Amino acid sequence: YAQTAWRQSPDHVGAYFGDAGPHYVAALRAAVGSAPRGVRALATQGSQVVPAPDAVAAVMTFPGDVLGTLHCSFHPKAPKRFELVVDGDKGTASMIRTEAVGTGIFGYSVDVNNGEHSFCPFSGVPRELSAFITAVRKGGPVPRALSATEALVDLKVVEAICDAAAAKSAAGTRVAA
């Protein structure tokens, strides 16, 4: 995975984060129900194994003064780390990439402040590809979450996170509509 040429010498913004980040942003947008209005972010290079940045932390503001955070690390010799936290008037929800203890099954551990806990195994890519292929074959509409328009929204947020990290601005970066 890490040794592919396009990952070793990426031409796209954000290196690994530009590759995986849109998926994480899509999950955050789905949890909150909208795209963020603005971001503040830090990015760093902790290793020379993969191109910079290999770690990103972002705080995003959403409509209704909801805050969302995203932390991810892409060091290939460490476990893949992804954490999503949403704070709002009704409490906090978090989602962390993890393994179901002792099972070898990877997925997301989801916790809600009222004590609810669940584990969701990975299954999205095959299901999403199947839905996309079915829509194309039948000539029907592609599900909105899989549309190019939604993907571009996710990429704009990733670019805003990268811009905010590069600017190191306390004022943050506004996400283009």
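Heads up: the structure comes first, above all this text.
Cut-offs used in this document
- Residues numbered from 1 in each chain as written.
- Predicted model: local features only at pLDDT ≥ 70, side-chain atom pairs only at ≥ 80, totals over all residues.
- Heavy atoms only, no water.
- Salt bridge = Lys/Arg side-chain N within 4 Å of Asp/Glu carboxyl O.
- Helix = DSSP H or I, 4+ residues; strand = E, 2+ residues; numbered from the N terminus.
- Expected span 1.5 Å × (residues − 1).
- Bend = angle between axes of the 7 residues up to and from the residue.
- Buried < 20%, exposed > 50% of the residue type's maximum accessible area, 1.4 Å probe, protein only.
- Contact = heavy atoms within 4.5 Å.
- Polar contact = N/O pair within 3.5 Å; in protein donor to acceptor, adjacent residues only side chain to side chain.
- Axes fitted to C-alpha atoms, helices over the stretch in contact; angles between N-to-C directions.
- Parallel < 35°, antiparallel > 145°, perpendicular 65-115°, else oblique.
- Left-handed = near helix turned anticlockwise from the far one by under 90°.
- Nonpolar A, V, L, I, M, F, W, Y, C, P; charged D, E, K, R; others polar.

1. Details of the pattern of salt bridges
Okay, so step 1: Scanning the model with the defined rule gives 4 salt bridges in all.
Okay, so step 2: A salt bridge links Glu150 to Arg29; the nearest nitrogen and oxygen atoms lie 2.7 Å apart. A residue pair is termed long-range when its members are at least 10 positions apart, and Glu150 in helix α4 (residues 148-167) and Arg29 in helix α2 (residues 15-32) qualify at 121 residues.
Okay, so step 3: One salt bridge connects Asp65 with Arg37, and the closest N-O pair in it is separated by 3.6 Å. Here Asp65 is found in the loop between β2 (55-62) and β3 (66-73), whereas its partner Arg37 is found in the loop between α2 and β1 (38-44), with 28 residues between them in sequence.
Okay, so step 4: Look at the salt bridges and you will find they share partners, linking Arg29, Arg144, Glu150 and Asp154 into a network.

2. A word on α2
Okay, so step 1: Taking 1.5 Å per residue as the helical rise, α2 with its 18 residues ought to reach 26 Å, and the 26 Å between its terminal C-alpha atoms agrees with that figure.
Okay, so step 2: For α2, the principal kink sits at Gly21 and spans about 45 degrees; a proline, Pro22, occurs within the next four residues.
Okay, so step 3: When we look at burial in α2, the residues that qualify are Ala15, Tyr16, Phe17, Gly18, Asp19, Ala20, Gly21, Pro22, Tyr24, Val25, Leu28 and Arg29.
Okay, so step 4: Of the residues one or two after α2, Gly33 is the one with positive phi, at around 95 degrees.

3. A closer look at the side chain of Ser94
Okay, so step 1: You can see Ser94 is positioned in strand β5 (residues 91-99).
Okay, so step 2: By relative accessible area, Ser94 is classed as buried at 16%.
Okay, so step 3: Contact partners of Ser94, with chain neighbours within four places excluded, come to Leu84, Val85, Ser109, Val110 and Asp111.

4. Focus on the side chain of Glu150
Okay, so step 1: For Glu150, a relative accessible area of 12% puts it in the buried group.
Okay, so step 2: A polar contact of 2.7 Å, which involves the side chain of Glu150, links it to the side chain of Arg29.

5. Here's the deal with the packing of α2 against α4
Okay, so step 1: Their axes nearest at 8 Å, the elements α2 and α4 cross at an angle of 115 degrees. Taken together, the axes of α2 and α4 are roughly perpendicular relative to one another. As for the relative orientation of α2 and α4, their crossing is right-handed in sense. Contacts between α2 and α4 involve Phe17, Gly18, Gly21, Pro22, Val25, Ala26 and Arg29 from the first element and Glu150, Val153, Asp154, Leu155, Val157, Val158, Ile161 and Cys162 from the second.
Okay, so step 2: Its residues assigned to classes, the contact of α2 with α4 comprises 10 nonpolar, 2 polar and 3 charged.

6. Comments concerning the environment of Thr103
Okay, so step 1: Locating Thr103 in the fold gives a position in the loop between β5 and β6 (106-112).
Okay, so step 2: Within the structure, Thr103 has its side chain in polar contact with the backbone oxygen of Ala100 (distance 2.7 Å).
Okay, so step 3: A polar contact of 3.0 Å, which involves the side chain of Thr103, links it to the backbone nitrogen of Ile105.

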